[in-house]
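Residue-level structure breakdown
Here are the chains, one letter per residue:
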Amino acid sequence: MHLARVVLGQADIQRALTRISHEILESNKGGSDLVILGIPTRGVALARRIAETIARIEPGASAPAGSLDVTMYRDDLARTRTRTPAPTEVPDDGIDGKTVVLVDDVLYSGRTIRAAFDALNDLGRARAVRLAVLVDRGHREFPIRADFVGKNLPSSKTERISVRLVETDGEDAVVIEGADD
(Lines give C-alpha, C1' and ligand atoms only; values in the text may rest on other atoms or scores of the structure.)
Protein backbone atom coordinates (compact mmCIF):
# COMPACT_ATOMS: atom_id res chain seq x y z
CA MET A 1 0.00 0.00 0.00
CA HIS A 2 1.26 3.49 -0.84
CA LEU A 3 0.63 6.52 1.31
CA ALA A 4 0.17 9.84 -0.45
CA ARG A 5 0.17 13.15 1.37
CA VAL A 6 -0.45 16.58 -0.12
CA VAL A 7 2.28 18.91 1.14
CA LEU A 8 1.45 21.95 -1.00
CA GLY A 9 -1.97 22.90 -2.32
CA GLN A 10 -2.94 25.42 -4.98
CA ALA A 11 -2.72 28.45 -2.66
CA ASP A 12 0.65 27.27 -1.29
CA ILE A 13 2.09 26.91 -4.79
CA GLN A 14 0.83 30.37 -5.79
CA ARG A 15 2.34 31.94 -2.67
CA ALA A 16 5.67 30.18 -3.29
CA LEU A 17 5.80 31.37 -6.92
CA THR A 18 4.91 34.92 -5.89
CA ARG A 19 7.69 34.90 -3.28
CA ILE A 20 10.17 33.44 -5.79
CA SER A 21 9.20 36.16 -8.30
CA HIS A 22 9.82 38.89 -5.71
CA GLU A 23 13.17 37.32 -4.79
CA ILE A 24 14.22 37.17 -8.45
CA LEU A 25 13.40 40.86 -8.91
CA GLU A 26 15.21 41.78 -5.71
CA SER A 27 18.37 39.83 -6.53
CA ASN A 28 18.40 41.16 -10.11
CA LYS A 29 17.72 44.74 -8.93
CA GLY A 30 14.64 44.88 -11.14
CA GLY A 31 13.29 43.13 -14.16
CA SER A 32 15.72 44.19 -16.87
CA ASP A 33 17.76 41.68 -18.85
CA LEU A 34 16.04 38.64 -17.34
CA VAL A 35 15.20 35.45 -19.21
CA ILE A 36 13.15 32.78 -17.44
CA LEU A 37 13.71 29.29 -18.90
CA GLY A 38 11.70 26.32 -17.70
CA ILE A 39 12.94 22.75 -17.93
CA PRO A 40 10.25 20.51 -19.48
CA THR A 41 7.78 19.42 -18.53
CA ARG A 42 6.49 21.16 -15.41
CA GLY A 43 9.34 23.65 -15.19
CA VAL A 44 8.01 25.32 -18.35
CA ALA A 45 4.59 25.97 -16.80
CA LEU A 46 6.26 27.24 -13.61
CA ALA A 47 8.54 29.54 -15.65
CA ARG A 48 5.54 31.03 -17.45
CA ARG A 49 3.78 31.65 -14.15
CA ILE A 50 6.88 33.32 -12.69
CA ALA A 51 7.27 35.54 -15.79
CA GLU A 52 3.59 36.54 -15.56
CA THR A 53 3.96 37.30 -11.85
CA ILE A 54 7.08 39.39 -12.46
CA ALA A 55 5.18 41.39 -15.11
CA ARG A 56 2.36 42.02 -12.61
CA ILE A 57 4.74 43.01 -9.79
CA GLU A 58 6.86 45.30 -11.95
CA PRO A 59 4.99 46.62 -14.98
CA GLY A 60 7.36 47.14 -17.86
CA ALA A 61 9.73 44.42 -16.66
CA SER A 62 10.98 42.36 -19.55
CA ALA A 63 11.26 38.78 -18.32
CA PRO A 64 10.32 36.57 -21.25
CA ALA A 65 9.65 32.92 -20.50
CA GLY A 66 10.91 30.06 -22.62
CA SER A 67 11.96 26.45 -22.33
CA LEU A 68 15.26 24.62 -22.23
CA ASP A 69 15.16 20.94 -23.11
CA VAL A 70 18.05 19.05 -21.51
CA THR A 71 17.16 15.50 -22.58
CA MET A 72 20.08 14.97 -24.95
CA TYR A 73 22.55 16.54 -22.48
CA ARG A 74 21.82 14.07 -19.68
CA ASP A 75 24.63 11.82 -18.48
CA ASP A 76 22.24 8.96 -17.68
CA LEU A 77 20.62 8.43 -21.10
CA ALA A 78 21.92 4.87 -21.35
CA ARG A 79 20.60 3.90 -17.92
CA THR A 80 17.18 5.50 -17.65
CA ARG A 81 14.12 5.82 -19.78
CA THR A 82 13.80 9.41 -20.90
CA ARG A 83 10.93 11.32 -22.35
CA THR A 84 10.78 12.49 -25.93
CA PRO A 85 12.79 15.69 -26.33
CA ALA A 86 10.73 18.89 -26.26
CA PRO A 87 11.60 22.03 -28.20
CA THR A 88 13.93 24.59 -26.69
CA GLU A 89 12.36 28.04 -26.98
CA VAL A 90 14.56 31.04 -26.24
CA PRO A 91 13.61 34.71 -26.74
CA ASP A 92 14.61 36.12 -30.12
CA ASP A 93 17.40 38.23 -28.65
CA GLY A 94 18.93 35.16 -26.97
CA ILE A 95 20.64 34.86 -23.60
CA ASP A 96 23.93 36.70 -24.20
CA GLY A 97 24.55 39.22 -21.43
CA LYS A 98 21.30 38.35 -19.66
CA THR A 99 20.53 36.83 -16.29
CA VAL A 100 18.97 33.45 -17.00
CA VAL A 101 16.75 31.94 -14.34
CA LEU A 102 16.39 28.20 -14.84
CA VAL A 103 13.13 26.87 -13.42
CA ASP A 104 12.42 23.25 -12.49
CA ASP A 105 9.77 21.59 -10.39
CA VAL A 106 11.92 19.39 -8.13
CA LEU A 107 15.63 19.61 -7.35
CA TYR A 108 16.91 16.17 -6.41
CA SER A 109 20.29 14.77 -7.54
CA GLY A 110 21.31 17.86 -9.52
CA ARG A 111 21.82 15.87 -12.74
CA THR A 112 19.08 17.71 -14.63
CA ILE A 113 20.58 21.09 -13.74
CA ARG A 114 24.08 19.92 -14.68
CA ALA A 115 22.64 18.97 -18.08
CA ALA A 116 20.93 22.37 -18.28
CA PHE A 117 24.30 24.12 -17.91
CA ASP A 118 25.60 22.20 -20.94
CA ALA A 119 22.46 23.03 -22.94
CA LEU A 120 22.72 26.72 -22.00
CA ASN A 121 26.35 26.77 -23.08
CA ASP A 122 25.25 25.86 -26.60
CA LEU A 123 22.86 28.84 -26.68
CA GLY A 124 25.27 31.61 -25.75
CA ARG A 125 26.93 33.27 -22.80
CA ALA A 126 24.60 34.43 -20.06
CA ARG A 127 25.77 37.16 -17.68
CA ALA A 128 24.59 34.99 -14.78
CA VAL A 129 22.57 31.83 -14.26
CA ARG A 130 20.24 31.40 -11.30
CA LEU A 131 18.11 28.41 -10.30
CA ALA A 132 14.51 28.49 -9.08
CA VAL A 133 12.75 25.31 -7.96
CA LEU A 134 9.35 24.70 -6.47
CA VAL A 135 10.65 21.85 -4.28
CA ASP A 136 14.15 21.05 -3.04
CA ARG A 137 14.16 17.50 -1.68
CA GLY A 138 17.89 17.08 -1.02
CA HIS A 139 20.01 14.02 -1.95
CA ARG A 140 22.40 15.91 -4.24
CA GLU A 141 24.92 14.03 -6.38
CA PHE A 142 26.37 17.28 -7.78
CA PRO A 143 27.31 20.45 -5.86
CA ILE A 144 24.25 22.39 -7.02
CA ARG A 145 22.08 24.65 -4.87
CA ALA A 146 18.94 26.54 -5.84
CA ASP A 147 18.93 30.32 -5.48
CA PHE A 148 15.14 30.46 -5.09
CA VAL A 149 13.19 27.64 -3.40
CA GLY A 150 9.44 27.35 -2.93
CA LYS A 151 9.68 24.63 -0.28
CA ASN A 152 12.50 22.58 1.20
CA LEU A 153 11.07 19.10 1.57
CA PRO A 154 13.56 16.67 3.10
CA SER A 155 12.58 13.21 1.97
CA SER A 156 13.79 9.66 1.91
CA LYS A 157 15.15 8.24 -1.34
CA THR A 158 12.30 5.72 -1.30
CA GLU A 159 9.70 8.49 -1.37
CA ARG A 160 8.46 10.09 -4.56
CA ILE A 161 7.66 13.79 -4.84
CA SER A 162 4.99 14.50 -7.47
CA VAL A 163 4.34 18.02 -8.66
CA ARG A 164 0.95 18.36 -10.30
CA LEU A 165 0.09 21.52 -12.20
CA VAL A 166 -3.15 22.66 -13.78
CA GLU A 167 -1.42 23.02 -17.16
CA THR A 168 -0.33 19.36 -17.30
CA ASP A 169 -2.35 17.49 -14.66
CA GLY A 170 -5.56 19.44 -14.15
CA GLU A 171 -4.73 20.48 -10.55
CA ASP A 172 -2.09 22.27 -8.52
CA ALA A 173 -0.56 20.12 -5.77
CA VAL A 174 2.71 18.73 -4.49
CA VAL A 175 2.29 15.21 -3.20
CA ILE A 176 4.77 13.03 -1.36
CA GLU A 177 4.27 9.31 -1.87
CA GLY A 178 5.99 6.59 0.09
CA ALA A 179 5.63 2.90 0.66
CA ASP A 180 3.83 1.87 3.83
CA ASP A 181 6.26 -0.20 5.88
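Residues numbered from 1 in each chain as written. Predicted model: local features only at pLDDT ≥ 70, side-chain atom pairs only at ≥ 80, totals over all residues. Heavy atoms only, no water.

1. Regarding the overall build of the protein
Along its length, the protein carries four helices and eight strands. Ordering the α and β elements of the protein from the N terminus gives β-α-β-α-β-β-α-β-β-β-α-β. By the compact-globule yardstick of 16 Å for 181 residues, the protein fits well, its C-alpha radius of gyration being 16 Å. Projected onto the principal axes, the alpha-carbon positions of the protein cover approximately 50 × 40 × 30 Å. Here the protein holds 181 residues, and the buried ones make up 48% of them. Partitioning the contacts of the protein with sequence separation of at least 6, the portion at a separation of at least 24 is 70%. Approximately 9500 Å² of the protein is accessible, and the part contributed by carbon and sulfur atoms is 47%. Side-chain charges of the protein comprise 25 positive and 28 negative groups, with the mean position of each set lying 3 Å from the other. (Helix = DSSP H or I, 4+ residues; strand = E, 2+ residues; numbered from the N terminus. Rg over C-alpha atoms; globule rule 2.2 N^0.38 Å. Buried < 20%, exposed > 50% of the residue type's maximum accessible area, 1.4 Å probe, protein only. Contact = heavy atoms within 4.5 Å. Areas by Shrake-Rupley, 256 points an atom, 1.4 Å probe, with all protein chains shown as cover. Lys, Arg positive; Asp, Glu negative; His and termini not counted. Charge placed at Lys NZ, Arg CZ, Asp CG, Glu CD.)

2. Describing the pattern of salt bridges
Tallied over the entire structure, the rule returns 13 salt bridges. In this structure, Arg 19 and Glu 23 form a salt bridge, with 3.7 Å as the shortest nitrogen-oxygen distance. Of this pair, Arg 19 and Glu 23 both sit in helix H1 (residues 10–28), separated by four residues, roughly a single helical turn. The partly exposed category is assigned to Arg 19, whose relative accessible area is 34%. Look at Glu 23 and you get partly exposed, because its relative accessible area is 28%. Across the pair Arg 111 and Asp 75 runs a salt bridge whose closest N-O atoms are separated by 2.4 Å. Pair noted here: Arg 111 is in helix H3 (residues 111–121) and Asp 75 is in the loop between strand S3 (65–67) and strand S4 (99–107), with a separation of 36 residues, a long-range link. Through salt bridges with shared partners, one network takes in Asp 75, Arg 111, Arg 114, Asp 118 and Glu 141. (Salt bridge = Lys/Arg side-chain N within 4 Å of Asp/Glu carboxyl O.)

3. What about the packing of H1 against helix H2 (residues 42–57)?
Their axes nearest at 9 Å, the elements H1 and H2 cross at an angle of 65°. Two packed elements cross with a definite hand, and for H1 against H2 that hand is right-handed. For the pair formed by H1 and H2, the contact residues are Ile 13, Gln 14, Leu 17, Thr 18, Ile 20, Ser 21, His 22, Ile 24 and Leu 25 on the first element and Leu 46, Arg 49, Ile 50, Thr 53, Ile 54, Arg 56 and Ile 57 on the second. For the contact of H1 with H2, the residue count by class is nine nonpolar, five polar and two charged. (Axes fitted to C-alpha atoms, helices over the stretch in contact; angles between N-to-C directions. Left-handed = near helix turned anticlockwise from the far one by under 90°. Nonpolar A, V, L, I, M, F, W, Y, C, P; charged D, E, K, R; others polar.)

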